[in-house]
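Chain and residue survey
Here's the letter readout for the chains.
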Amino acid sequence: QVQLVESGRGLVQPGGSLRLSCAASGSIFSINGMGWYRHAPGKQRELVAVIYRGGNKKAADSVKGRFTISRDNAKNTVYLEMNTLKPEDTAVYYCNAQISRTWNSGYSEYWGQGTQVTVSS
């Protein structure tokens, strides 16, 4: 069993900040990419940012310069520091991880339950 548990949901005013975290637990051998997606009403789910085990990162153009992704490999945890939040950042944010459960198995995708982020005055 593998679980991704997110924390950090909240209501924030425009221009404010919020930090999300996601911890993976269970039968884990290795984690490749860990990242965040978001799903806003009326829109498709989109990649926000991802960070790979070696430290390489990717982020959506809409969040570059405002959001920072990081991870603690020892804790199997990924963080998303969100600054200068805008109303259009309002969405359910989902944690995603590519996890291998044994030394000879491939990576499978796992998802968190989602956490609501609302940016409003």
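What comes next is a walk through the structure. Here the structure is a predicted model, which means the values were calculated and not measured. (Residues numbered from 1 in each chain as written. Predicted model: local features only at pLDDT ≥ 70, side-chain atom pairs only at ≥ 80, totals over all residues. Heavy atoms only, no water.)

Here we look at the pairing of strand 3 (residues 18–26)
Here strand 1 (residues 2–7) pairs with strand 3 via six bridges, running antiparallel. Note on strand 3: the bridge partner recorded for Ser-7 is Ser-21. In this structure, strand 3 lies alongside strand 8 (residues 77–82), joined through six bridges in antiparallel fashion. Looking at strand 8, one finds that Cys-22 is bridged to Val-78. (Pairing = 2+ DSSP bridges. Helix = DSSP H or I, 4+ residues; strand = E, 2+ residues; numbered from the N terminus.)

Remarks on the state of the cysteines
For the coordinates displayed, the defined rule picks out one disulfide. Put simply, Cys-22 and Cys-95 are joined by a disulfide, and their sulfur atoms are 2.0 Å apart. Taking the sign of the torsion about the S-S bond as the criterion, the disulfide between Cys-22 and Cys-95, at about -80°, is left-handed. Of this pair, Cys-22 sits in strand 3 while Cys-95 is found in strand 9 (residues 91–100), placing the two residues 73 residues apart along the sequence. There is no split in this pair, since Cys-22 and Cys-95 are both buried. (Disulfide = S-S within 2.5 Å. Buried < 20%, exposed > 50% of the residue type's maximum accessible area, 1.4 Å probe, protein only.)

Some details on the packing of aromatic side chains
Within the structure shown, the criterion is met by one aromatic pair. Cation over ring: Arg-45 sits above Tyr-94, and NZ or CZ is 4.2 Å from the ring centre. Across the ring face of Trp-111, the terminal group of Arg-45 is positioned such that the distance to the ring centre comes to 4.6 Å. (Phe/Tyr/Trp six-rings, centres within 6.5 Å; stacked < 30°, edge-to-face > 60°. Lys NZ or Arg CZ within 6 Å of the ring centre and 35° of its normal.)

Structural notes on the sheet that holds strand 7 (residues 67–72)
The sheet built from four strands is open, its strands ordered 1-3-8-7 with antiparallel pairing. Edge positions in the open sheet fall to strand 1 and strand 7, since each of these has one partner strand only. Mean inter-strand twist for the sheet, computed between neighbouring axes without regard to direction, equals 15°. Here strand 7 pairs with strand 8 via six bridges, running antiparallel. Bridging across to strand 8, Thr-68 finds its partner in Glu-81. (Axes fitted to C-alpha atoms, helices over the stretch in contact; angles between N-to-C directions.)

Brief notes about unusual backbone geometry
The backbone phi angle of Asn-76 is positive, close to 50°, even though this residue is not glycine. The topology assignment puts Asn-76 in the loop between strand 7 and strand 8. Its identity as a non-glycine residue notwithstanding, Thr-84 has a phi of 45°, on the positive side. By secondary structure assignment, the location of Thr-84 is in the loop between strand 8 and strand 9.

Brief notes about the pattern of salt bridges
Overall, the coordinates contain five salt bridges when judged by the stated rule. A salt bridge links Arg-19 to Glu-81, with the shortest nitrogen-to-oxygen separation between them at 3.7 Å. Remark: Glu-81 occurs in strand 8 and Arg-19 occurs in strand 3; sequence separation between them is 62 residues. Taking relative accessible area as the criterion, Arg-19 reaches 46% and is therefore assigned partly exposed. A salt bridge links Arg-38 to Asp-89; the shortest N-O distance between them is 3.0 Å. Remark: Asp-89 occurs in the loop between strand 8 and strand 9 and Arg-38 occurs in strand 4 (residues 30–39); sequence separation between them is 51 residues. On the accessibility criterion, Asp-89 (1% relative accessible area) is buried. Shared partners join several salt bridges into a network, and the residues in it are Arg-38, Glu-46, Arg-66 and Asp-89. (Salt bridge = Lys/Arg side-chain N within 4 Å of Asp/Glu carboxyl O.)

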